[in-house]
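Listed here are the chains, written in short residue letters.
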Amino acid sequence: MSAPQSNRRLRNRVHSQLTALHQGGQFAVPGSVERYLSDQLIDEIAYEYRGKCPDAPAHGRAAIITAGVPGAGKSVAIDMLATDHRRIDPDGIKDLILMRLDRAGLLDIRHNHVLADGKPVHPSELALWVHDASTEAANRVRAVSLRRGENFVMEGTLSWTPLIDSYVTDLASDDYERLTIVDVEVPFTLAVEQSKHRWWAAREAGRIVDDVELGGRFIAQAALEGFYTRQRRVSKCAVNARKLRSDANRARIETDLLIVSRTSTGKEYRAWLRPDGDIDPSQGAPLGAVCIKSGAILTNPTAIGTGVGRSRVYRS
């Protein structure tokens, strides 16, 4: 993930420019974009997104829900688990919406700003404009999956606590029998670095989707701070993942929780919390899970089960 110092300086300068544009009001959502993101458009996007995977498994009634801050590495963590599931990724849905906006000329303001690397603002660097629309479209894709009893993966951060009741109610109402929660936890400093790395690599490469150069998805450091507790010790997602597990099990949905915890040096710990209360290791990584209070890595199975306890292993 490391890069030459000169490249890092340029990256950080461009990141600061984008942050200033978003926070200074130049990139407030235009009224023309708000009007374009109609209920009908969201329906069309949901239909288009489902059509990209027409052969997703049906009638499995098993779901996977992810938790963890943006850029933590959730997609990589679920690749092996989601081979027979429909993947619902709001970031992929953002791409579809941004492409439509760009083709309609509604992102032309981006050409008014050439950044320090000599390139204009890319569509994905305006992804905040379509966050609510992409979330709603993802929910509509999920609603169809629930009605059909499909195996599906709902990718997201699980940082918004009301989602827990919504997920449990929906899964129970549609007779889902299995739920796997995948929570990927990283320290705040690593989250910032990984999000910058992912954005910058895609910006430099000129990421193209369906002949549209979308670039990298930008997220400001202040936005990442909102996913963590005040002391930046642990993400709100970690607490919500455990609550979703307990609430779903109480609703008689057999629920596993896989916690992937990384330190600032890149060392990874894993722990499976099983429906019967067992704490199992995961192949290829030592047993451990982040403490939801201190942010330390817990290695004692009893402490891992409760989410709190003493440990000498720290993440940063």
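I will try to describe carefully the structure that is included in this document. All values reported here derive from a predicted model rather than from experimental measurement.

Parameters and conventions
Residues numbered from 1 in each chain as written. Predicted model: local features only at pLDDT ≥ 70, side-chain atom pairs only at ≥ 80, totals over all residues. Heavy atoms only, no water. Helix = DSSP H or I, 4+ residues; strand = E, 2+ residues; numbered from the N terminus. Rg over C-alpha atoms; globule rule 2.2 N^0.38 Å. Buried < 20%, exposed > 50% of the residue type's maximum accessible area, 1.4 Å probe, protein only. Phe/Tyr/Trp six-rings, centres within 6.5 Å; stacked < 30°, edge-to-face > 60°. Core = buried A, V, L, I, M, F, W, Y, C linked by side-chain atoms within 4.5 Å. Contact = heavy atoms within 4.5 Å. Salt bridge = Lys/Arg side-chain N within 4 Å of Asp/Glu carboxyl O. Expected span 1.5 Å × (residues − 1). 1 Å grid on protein atoms, 1.4 Å probe; cavity = no way out; pocket = protein on both sides within 12 Å on 5 of 7 lines; lining within 4 Å. Points joined across faces, edges and corners; volume = space filled by probe spheres on them. Pairing = 2+ DSSP bridges.

### Re the overall build of the protein chain
- On a plain count of helices and strands, the protein chain comes out with 11 helices and 11 strands.
- For 316 residues, the compact-globule estimate of 2.2 N^0.38 gives 20 Å, and the protein chain sits close to it at 20 Å.
- For the protein chain, the C-alpha atoms occupy an extent of roughly 55 × 45 × 30 Å along the three principal directions.
- Put simply, the protein chain has 316 residues, and 49% of those count as buried.

### Overview of the packing of aromatic side chains
- Using the criterion set out here, one finds four aromatic pairs in the structure.
- Ring plane angle 70 degrees and centroid distance 5.7 Å describe the contact between F152 and Y176, whose orientation is recorded as edge-to-face. Residue F152 is located in strand β3 (residues 152-154), and its partner Y176 is located in the loop between α7 (162-173) and β4 (178-185); the two are separated by 24 residues in the primary sequence. Taken as a pair, F152 and Y176 share a single burial class, namely buried.
- Aromatic pair W199 and F218: ring centres 6.1 Å apart, planes at 75 degrees, arrangement edge-to-face. On the criterion of sequence distance, the pair formed by W199 in helix α8 (residues 188-205) and F218 in the loop between β6 (212-213) and α9 (221-225) is long-range, its members being 19 residues apart. Both residues of the pair, W199 and F218, count as buried.

### A few points about the nonpolar core
- Ranked by size, the top nonpolar core spans 86 residues in total, and within it V69, I97, F152, L171, L179 and L244 carry the most contacts.
- Setting aside its immediate chain neighbours within four residues, L179 contacts A63, I64, I65, L171, L244, A248, I253, E254, T255 and D256.

### Examining the pattern of salt bridges
- Tallying each qualifying case throughout the model produces 27 salt bridges.
- When the shortest N-O distance is used, the salt bridge between D79 and R87 registers 2.8 Å.
- Look at R87 and you get partly exposed, because its relative accessible area is 27%.
- The partner of D95 in a salt bridge is R207, and the shortest N-O contact between them spans 3.0 Å. With D95 in helix α5 (residues 90-103) and R207 in the loop between α8 and β5 (208-209), this residue pair connects regions lying 112 residues apart in the sequence.
- The exposure class of D95 is buried, given its relative accessible area of 7%.

### Some details on helix α6 (residues 131-148)
- Over its 18 residues, α6 runs 26 Å from end to end, which matches the ideal 26 Å to within 8%, given 1.5 Å per residue.
- Every buried residue belonging to α6 is among A133, S134, A137, A138, R140, V141, R142, V144, S145 and L146, and all of these are buried.
- The secondary structure elements touched by the buried residues of α6 are α3 (39-51), β2 (86-88), α5, β3 and α7.
- Of the residues flanking the end of α6, it is G149, one or two places downstream, whose phi is positive at about 70 degrees.

### Some points on the layout of surface pockets
- In this structure, the largest pocket encloses a volume near 1,400 Å³.
- Forming the boundary of the largest pocket are 45 residues, of which P70, D91, K94, H131 and T157 lie nearest the centre.
- Within the residue set of the lining of the largest pocket, elements represented by two or more residues are α1 (5-23), β1 (62-67), α4 (74-78), α5, α6, α7, α8 and α9.
- It is α6 that contributes the most residues to the lining of the largest pocket, five residues altogether.
- Roughly 180 Å³ of volume is contained in the second largest pocket.
- What lines the second largest pocket is Y47, R50, G51, P54, A56, R86, V144, R148 and E150.
- If you list the elements that add at least two residues to the lining of the second largest pocket, you get α3 and α6.
- Among the elements that take part in the lining of the second largest pocket, α3 stands out by supplying three residues, more than any other.

### Some thoughts on unusual backbone geometry
- The phi dihedral of R61 falls on the positive side, at around 50 degrees, and the residue is not glycine.
- Tracing the chain through its elements places R61 in the loop between α3 and β1.
- A positive phi angle, near 60 degrees, is found at R232, a position not held by glycine.
- In this fold, R232 is placed in the loop between α9 and α10 (236-250).

### Some points on the pairing of β4
- For β4, the tally of buried residues reaches seven of eight residues, placing the bulk of the element in the interior.
- With eight bridges connecting them, β4 and strand β7 (residues 254-262) associate as parallel partners. Looking at β7, one finds that R178 is bridged to E254.

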